[in-house]
Amino acid sequence: MWYAIIGTDREGSLEARRTARPTHLARLNALRDAGRLLLAGPFPAIDAEDPGPAGFTGSLVVAEFDSLDAARAWAEADPYRAAGVYRNVEVRPFHKVLP
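Anyway, here's the lowdown on the structure attached to this text. Note that the coordinates shown come from a computational prediction; the quantities given were computed from them, not determined experimentally. (Residues numbered from 1 in each chain as written. Predicted model: local features only at pLDDT ≥ 70, side-chain atom pairs only at ≥ 80, totals over all residues. Heavy atoms only, no water.)

## Section: the pairing of strand S1 (residues 2-9)
For step 1, the next point in the chain: Pairing geometry for S1 and strand S3 (residues 56-64), over 7 bridges, is antiparallel. Opposite Tyr 3, over in S3, you have Ala 63 as the bridge partner.
For step 2, the next point in the chain: Bridge analysis of S1 against strand S4 (residues 86-94) gives 8 bridges, and the strand direction is antiparallel. Across the sheet, Ala 4 pairs through a bridge with Arg 92, a residue of S4. (Pairing = 2+ DSSP bridges. Helix = DSSP H or I, 4+ residues; strand = E, 2+ residues; numbered from the N terminus.)

Here is the structure:
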């Protein structure tokens, strides 16, 4: 089943995000390579492709897992979580309709 993982950044997390990004992306690439990643990306803090020093307010990952518990475990092991980028992470079942 698909699950939406929504991470909300803590205030002032841009530098921690930059530092942890390579390992965060490596995990996402592993999901992609296994055919389990629907989409992933950050929420810019301003209406711009590159928000610069404004940074980001969080991230969204939609990926396939065997269970809600497995999705939660994956989210808890995210390098952004370990680096203190996220102040909160929510994992919810997701039903893909389109496209």
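## Brief notes about the nonpolar core
For step 1, the next point in the chain: Counting residues in each nonpolar core, the largest one holds 17 residues, and the members touching the most others are Ile 5, Val 61, Phe 65, Trp 74, Val 89 and Val 91.
For step 2, the next point in the chain: Contributions of two or more residues to this core are made by S1, helix H1 (14-33), S3, helix H2 (68-76) and S4.
For step 3, the next point in the chain: Ranked by residues supplied to this core, first place goes to H1 with 4 residues.
For step 4, the next point in the chain: In this structure Val 61 touches Tyr 3, Ala 4, Ile 5, Leu 28, Leu 37, Leu 39, Ala 40 and Trp 74, once residues within four positions along its chain are discounted. (Core = buried A, V, L, I, M, F, W, Y, C linked by side-chain atoms within 4.5 Å. Buried < 20%, exposed > 50% of the residue type's maximum accessible area, 1.4 Å probe, protein only. Contact = heavy atoms within 4.5 Å.)

## A few points about the pattern of salt bridges
For step 1, the next point in the chain: With the rule as written, the count across this model stands at 6 salt bridges.
For step 2, the next point in the chain: When the shortest N-O distance is used, the salt bridge between Arg 32 and Asp 33 registers 2.9 Å.
For step 3, the next point in the chain: Take Asp 33: its relative accessible area is 59%, and that puts it in the exposed class.
For step 4, the next point in the chain: Close ionic contact of Arg 81 with Glu 76 constitutes a salt bridge, the shortest N to O distance being 3.3 Å.
For step 5, the next point in the chain: For Arg 81, a relative accessible area of 26% puts it in the partly exposed group.
For step 6, the next point in the chain: Among the residues examined, Glu 76 registers a relative accessible area of 46% and is labelled partly exposed. (Salt bridge = Lys/Arg side-chain N within 4 Å of Asp/Glu carboxyl O.)

## Some remarks on the sheet that holds S3
For step 1, the next point in the chain: The strand order S2-S3-S1-S4 describes an open sheet built from 4 strands, whose pairing is antiparallel. Strand pairing shows two members of the sheet lacking a second neighbour, strand S2 (37-44) and S4, which therefore form its edges. Looking at each pair of strands side by side, their axes are set apart by 10 degrees on average, direction ignored.
For step 2, the next point in the chain: Together, S1, S2, S3 and S4 form the strand contacts of H1, whose direction differs from that of S3 by roughly 10 degrees.
For step 3, the next point in the chain: The strands that H2 touches are S1, S3 and S4; relative to S4, the one it contacts most, it runs at about 155 degrees. (Axes fitted to C-alpha atoms, helices over the stretch in contact; angles between N-to-C directions.)

Without other data, these values stay purely geometric and don't point to any function.
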